[in-house]
Amino acid sequence: MFEKINNYALRCMMFTPEDLAYFDSLLQFKKFPKKSFLLQEGEICQFEAYILKGCIRTYHIDNSGAEVTLQFAVEDWWVSDITSFQNQTPGLVYIETLEDCELLMLTPETKEKLLSKVPGFERMFRLMVQRNLAQLQERLFRTISTTAVEKYLDFLNRYPAIPQRVAQHYIASYLGFSPEFLSKVRKKLSEK
């Protein structure tokens, strides 16, 4: 059960078998059925979760009541509301399973124990945050500087497995399109 997450950690830094065993001992394995909320707006996030199996969507509901998809997360990815988790303040997002999921989870307490005993894990989590920030910046630049077709093609290129796993209206929400507009974009591409 811990092989995948340990390989993830080892891609970030060399850890001893004892370090990894301690890490594994702090992780909580949980299963969630499809359409489960891991977090709802206003709740304080009590987890950072590594996805062993499944697909998860993070989204926000804007002032008009529309769902705005912020992220999809699949196997070998982490999911959390990092601001809520770190500051222990109410979150602004919903985190929902789109498939049956198997997760390995850390709480604020278990993460603090881990970082105190094995400081090398600070590097792993720092690298995760840096990668996430870089992806968010790239997404922002694409949002303001590319056409709808380019946005959709970039999404397909970056996340080729996701369109087979999630509903098209979620992809439209992620791209900032209405479902109808995404249909037009897809039709335009199929005609080429």
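It should be emphasised that the depicted structure is a prediction, and the values quoted were computed from it without experimental measurement. (Residues numbered from 1 in each chain as written. Predicted model: local features only at pLDDT ≥ 70, side-chain atom pairs only at ≥ 80, totals over all residues. Heavy atoms only, no water.)

Asker: How would you explain the nonpolar core if you had to name every residue and give the values?
Answerer: Counting residues in each nonpolar core, the largest one holds 22 residues, and the members touching the most others are Phe-23, Trp-78, Leu-106, Leu-114, Phe-121, Met-124 and Phe-125. Those elements giving two or more residues to this core turn out to be α1 (3-12), α2 (17-26), β3 (48-53), β8 (101-106), α4 (108-117) and α5 (120-145). If you look at the next biggest cluster of nonpolar residues, it comprises 19 residues, including Val-149, Val-166, Ile-171 and Leu-175. (Core = buried A, V, L, I, M, F, W, Y, C linked by side-chain atoms within 4.5 Å. Buried < 20%, exposed > 50% of the residue type's maximum accessible area, 1.4 Å probe, protein only. Helix = DSSP H or I, 4+ residues; strand = E, 2+ residues; numbered from the N terminus.)

Asker: Residue-level account of the sheet that holds strand β4 (residues 56-61), with values.
Answerer: Taken together, the 4 strands give an open sheet; going across it, the order is β2-β7-β4-β5, and neighbouring strands pair in antiparallel fashion. Whereas interior strands pair on both sides, the edge strands pair on one side only; in this sheet they are β2 (37-39) and β5 (67-73). Each neighbouring strand pair of the sheet contributes to a mean axis angle of 30°, computed without reference to strand direction. The pairing of β4 with β5 spans 6 bridges and is classified as antiparallel. The residue bridging Tyr-59 from the neighbouring strand is Thr-69, located in β5. Sitting on the sheet, helix α7 (residues 168-175) is in contact with β4 and β5, with an inclination near 100° to β5. (Pairing = 2+ DSSP bridges. Axes fitted to C-alpha atoms, helices over the stretch in contact; angles between N-to-C directions. Contact = heavy atoms within 4.5 Å.)

Asker: Explain unusual backbone geometry to me, using residue names and the numbers behind them.
Answerer: Excluding glycine, residues mostly have negative phi values, and the peptide bonds linking residues are mostly trans. The phi torsion at Lys-35 lies on the positive side, around 70°, for a residue other than glycine. As for its placement among the helices and strands, Lys-35 is situated in the loop between β1 (28-32) and β2. You can call Lys-35 partly exposed: its relative accessible area is 44%. Not every positive phi belongs to a glycine, and Asp-76 is a case in point at roughly 70°. As for its position among the elements, Asp-76 is in the loop between β5 and β6 (78-79). The partly exposed category is assigned to Asp-76, whose relative accessible area is 28%.

What is shown is where atoms sit, not what they do.
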